[in-house]
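Each chain is listed here by its residues.
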Amino acid sequence: MSSDIDKNLCSNKLKYSPFASQVNESTDIINKAQLLAFIRFIDEEHIRGLDGKKETLREELKEVLNKVVQMVNFIETRPVKSRIFEQLCTDMDSQHKRLLLHTEVRWMSRGKILTRVHELRHELLVFFEEMKQSNFCDLFRSEVWISRLQFLADIFQQLNILNTSMQGKKENIVMSTDKMKAFERKIKIWKR
């Protein structure tokens, strides 16, 4: 698929036509997270699409994401708990006073949520101790879990930067493809 995309990119038809790109995350039938990249362009009077490669999220990282969503929902969907957490953050002179609410519709929100949870990890540990949520406390006491949380926050932040950089009127398909290829090289380095 990649060599076919390269051949198409070399044609003038694709280089100079209007296009749209979208990077998104989905879940397949076995509940495995997939990174998706789509590019659509105008070919004479027809809209054509190029589907990008899929990058899967390992199970242990997906579990971290799921636990973070559970934590955020435990606090932010309950007004009393949300106010208690906000007061705790104020008392601890925290950088932030609130968590961000996760929405399935906006996948880019996940990166910001992961970063915020990591930044408030000490406050969250105190909060969950007070709420007697030992399952969440155990996670915040685990160096392995915290390192996975930081890794996920970094990856999602990089995806957000990539997605944002591919938007705008001056962006073209060649520039976006170069950015995607550079990102793929970064992922290979991160995997090592």
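Sequence order as written defines the numbering, with residues in each chain counted from 1. This being a predicted model, a pLDDT of at least 70 is required before a residue's local features are given, and a value of 80 or more before pairs of side-chain atoms are given or counted; all residues contribute to the totals for chains, interfaces and linings. Side-chain metrics rest on all non-hydrogen atoms present in the structure, leaving aside hydrogens and water.

The name an unreviewed UniProt entry gives the protein chain is Zinc finger BED domain-containing protein 5-like, with Octopus sinensis as the organism.

### What to know about the pattern of salt bridges
Any carboxyl oxygen of Asp or Glu within 4 Å of a side-chain nitrogen of Lys or Arg constitutes a salt bridge here. Here the structure, examined in full by the defined rule, presents 4 salt bridges. Residue arginine 58 is joined to glutamate 60 by a salt bridge in which the shortest nitrogen-to-oxygen separation is 2.2 Å. Burial here depends on accessible area, computed with a 1.4 Å probe over protein chains only, as a share of the maximum for the residue type. Under 20% is buried, over 50% is exposed, and the range in between is partly exposed. Its relative accessible area of 52% is what places arginine 58 among the exposed residues. If you follow the salt bridges from partner to partner, you end up with Glu129, Asp138 and Arg141 in one network.

### A short note on unusual backbone geometry
Located in the positive-phi region is aspartate 93, a residue other than glycine, with phi close to 55°. Helical segments are the DSSP runs of H or I of at least four residues, strand segments are the runs of E of at least two, and each set is numbered from the N terminus. Relative to the helices and strands, aspartate 93 resides in the loop between helix H4 (79-91) and helix H5 (109-119). By relative accessible area, aspartate 93 is classed as exposed at 66%. Phi at lysine 132 is positive, roughly 55°, even though this residue is not glycine. Within the element layout of this structure, lysine 132 appears in the loop between helix H6 (121-130) and helix H7 (134-141). Owing to a relative accessible area of 71%, lysine 132 belongs among the exposed residues under this scheme.

### Brief notes about the packing of helix H3 (residues 59-76) against H4
Orientation is described by lines fitted to C-alpha atoms, with helices fitted over the stretch in contact, and by angles between N-to-C directions that extend from 0 to 180 degrees. Put simply, H3 and H4 touch, their axes get as near as 6 Å, and they point 100° apart. In terms of their interaxial angle, H3 and H4 are classed as roughly perpendicular. Residues Phe74, Ile75 and Glu76 of H3 lie in contact with H4, whose contacting residues are Lys81, Ser82 and Phe85. A breakdown of the residues in the contact of H3 with H4 according to their chemical character gives 3 nonpolar, 1 polar and 2 charged. Every angle not falling under 35 degrees, over 145, or within 65 to 115 is termed oblique; those three ranges are roughly parallel, roughly antiparallel and roughly perpendicular. Residues count as neighbours in contact if any of their non-hydrogen atoms are within 4.5 Å of one another. When residue character is reported, Ala, Val, Leu, Ile, Met, Phe, Trp, Tyr, Cys and Pro are called nonpolar, Asp, Glu, Lys and Arg charged, and the others, Gly included, polar.

### A look at the nonpolar core
Taken as a class, soluble globular proteins show a tendency for nonpolar side chains to be buried jointly. Among the nonpolar cores identified, the biggest contains 37 residues, and Val68, Phe85, Val117, Leu124, Phe128, Phe140 and Trp145 are the most heavily contacted of them. Taken together, the elements giving at least two residues each to this core come down to H3, H4, H5, H6, H7, helix H8 (143-165) and helix H9 (173-191). A total of 9 residues in this core trace back to one element, the largest contributor, which is H8. Working definition of a nonpolar core: buried Ala, Val, Leu, Ile, Met, Phe, Trp, Tyr and Cys residues. They are joined through side-chain atoms within 4.5 Å.

### As for the packing of aromatic side chains
Pairing of aromatic rings covers Phe, Tyr and Trp, the last through its six-membered ring, and needs centres within 6.5 Å; plane angles under 30 degrees mean stacked, over 60 mean edge-to-face, and all others mean tilted. In total, this model carries 7 aromatic pairs according to the counting rule given. Taking 5.5 Å as the distance between ring centres and 70° as the angle between the ring planes, the aromatic pair formed by phenylalanine 127 and phenylalanine 128 counts as edge-to-face. Seen in terms of ring centroids, phenylalanine 128 and phenylalanine 140 are 6.2 Å apart; in terms of plane orientation they differ by 20°. Their pairing is stacked. Of this pair, phenylalanine 128 sits in helix H6 while phenylalanine 140 sits in helix H7, and the two are 12 residues apart along the sequence.

### Regarding the environment of leucine 99
One can find leucine 99 in the loop between H4 and H5. On the basis of relative accessible area, leucine 99 is assigned to the buried category, the value being 5%. It is 7.0 Å that separates the C-alpha atoms of leucine 99 and valine 117, two residues lying 18 residues apart in sequence. Beyond its immediate sequence surroundings of up to four residues, leucine 99 is in contact with Val72, Ile75, Glu76, Phe85, Arg116, Val117, Leu120 and Leu124.

### Focus on the packing of H3 against H7
Two elements in contact, H3 and H7, have axes separated by 11 Å at closest approach and are oriented at 130°. The orientation of H3 with respect to H7, classified from their angle, is oblique. By crossing handedness, the relation of H3 to H7 is classed as left-handed. For the pair formed by H3 and H7, the contact residues are Lys67, Gln70, Met71 and Phe74 on the first element and Phe136, Leu139 and Phe140 on the second. Partitioned by chemical class, the residues of the contact of H3 with H7 number 5 nonpolar, 1 polar and 1 charged. Handedness of a crossing is defined here by the sense of rotation of the near helix relative to the far one, left-handed for an anticlockwise turn of less than a right angle and right-handed for a clockwise turn.

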